[in-house]
Amino acid sequence: EDALITREQRGNISVLTMVYRPYNLLGPKLINAIVEQIEAARDAGSRAIVLRSGLRHFSAGADLDIFDKRVEQGSGDTGGENRRLSGVEFLRFMELLPIPLIASIHGVCLGGGLELALSCDYIIAASSAKIGSVEATLGLHPLLGGIQRQVQRIGALRAKEMSMLARRYDAPTLEKWGLINLAVPEESLEKATMAIAEEFAQGPTLAHAATKELAYI
């Protein structure tokens, strides 16, 4: 079976590339693969982790299995035992990981894909990317904490607009609002992503971990 995510070590930076065809839908399979590769990155001594897509889109949404299946998290902290993570617990694991996480977005990043990006510490996106919370088109709302994370970043007014109107926004608009950190031309995305990752990796890792914990709500 083909890997759903690949990991490339560039010095002390791990680059995780999602290749879960066709659209990197966030569900138990992809979450398991992300957790496995993040733990491998941590074991390799990585001081920053980049999460990106090797497909046409970053992620087109959630696999609805995410809401009724838990996923495996093997952890060195439990003597090798596996514990099972829900989608909400997985995003908390991402937010509290003591290593900076950078989401690098191109193509579409919608629904569960946006929830995944919002669990990272820094979001950089190609100006051509289309980003949105589109769950309302399915009669749902963001179910994994996306509304709360939007409110934290852009306030209730814009968060309600995003989640209730289910529009797709361009990256420069969301940079202006403060939902993402940086929009760059698509051809500059990889170079700009690695420059940011290098900046994080050269910083004080223990202090960064404390900052993440203090910022977590």
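Residues numbered from 1 in each chain as written. Predicted model: local features only at pLDDT ≥ 70, side-chain atom pairs only at ≥ 80, totals over all residues. Heavy atoms only, no water.

Trainee: What should I look at first to understand the confidence of the model for the protein in this one?
Mentor: Predicted coordinates in regions of low pLDDT should not be interpreted in detail. With 90% of its residues at a pLDDT of 70 or more, the protein has an overall mean of 91. Below pLDDT 50 for its whole length, residues 75–81 participates in five contacts with residues either more than four positions away or in separate chains. (pLDDT = per-residue confidence, 0-100. Contact = heavy atoms within 4.5 Å.)

Trainee: Help me understand the sheet that holds strand β11 (residues 182–184), please; the structure alone is not making it clear to me.
Mentor: Remark on secondary structure: sheet strands pair via backbone hydrogen bonds, oriented parallel or antiparallel. With mixed pairing, the six strands of this open sheet are ordered in space as β1-β2-β3-β6-β8-β11. Both outer strands of the open sheet, β1 (5–10) and β11, are each paired with one neighbouring strand and no more. Between one strand and the next, the sheet's axes are offset by a mean angle of 20 degrees, whatever the strand orientation. (Pairing = 2+ DSSP bridges. Helix = DSSP H or I, 4+ residues; strand = E, 2+ residues; numbered from the N terminus. Axes fitted to C-alpha atoms, helices over the stretch in contact; angles between N-to-C directions.)

Trainee: When you look at the pattern of salt bridges in this model, what are you seeing that I'm missing?
Mentor: Where side chains of opposite charge bring their charged atoms close, a pairing between them can arise. For the structure on display, the rule yields eight salt bridges. For the salt bridge of E190 with R52, the shortest nitrogen-to-oxygen distance reads 3.6 Å. Placement of E190 in helix α6 (residues 189–201) and of R52 in strand β3 (residues 48–53) is noted, with a sequence separation of 138 residues between them. Look at E190 and you get partly exposed, because its relative accessible area is 42%. Through salt bridges with shared partners, one network takes in E8, R10, R52 and E190. (Salt bridge = Lys/Arg side-chain N within 4 Å of Asp/Glu carboxyl O. Buried < 20%, exposed > 50% of the residue type's maximum accessible area, 1.4 Å probe, protein only.)

Trainee: How should I be thinking about a nonpolar patch on the surface in this particular structure?
Mentor: On the surface, L64, L138, L140 and L143 cluster together into a nonpolar patch covering about 370 Å² of accessible area. In this fold, L140 is placed in the loop between β9 (130–132) and α4 (146–165). Here L140 falls in the partly exposed class, since its relative accessible area comes to 34%. (Patch = residues over 30% accessible without salt bridge, like charges linked within 9 Å, V, L, I, M, F, W, Y side chains within 5 Å. Areas by Shrake-Rupley, 256 points an atom, 1.4 Å probe, with all protein chains shown as cover.)

Trainee: I'm lost on the environment of L101 in this one. Help?
Mentor: Here L101 shows up in strand β6 (residues 101–105). With relative accessibility at 1%, the residue L101 sits in the buried group. Distance from L101 to L51, taken between C-alpha atoms, is 7.2 Å for residues 50 residues apart in sequence.

Trainee: For this particular structure, what's the right way to read the pairing of β3?
Mentor: Burial analysis of β3 places five of its six residues in the buried class, the great majority of the element. Bridging between strand β2 (residues 13–18) and β3 involves six bridges; their strand directions are parallel. Residue pairing across strands places V15 opposite V50, the latter belonging to β3. For the crossover from β2 across helix α1 (residues 28–43) to β3, the handedness is right-handed. Pairing between β3 and β6: three bridges, direction parallel. Directly across from L51, in β6, lies its bridge partner A103. (Right-handed = clockwise from strand over helix to strand, strands pointing away.)

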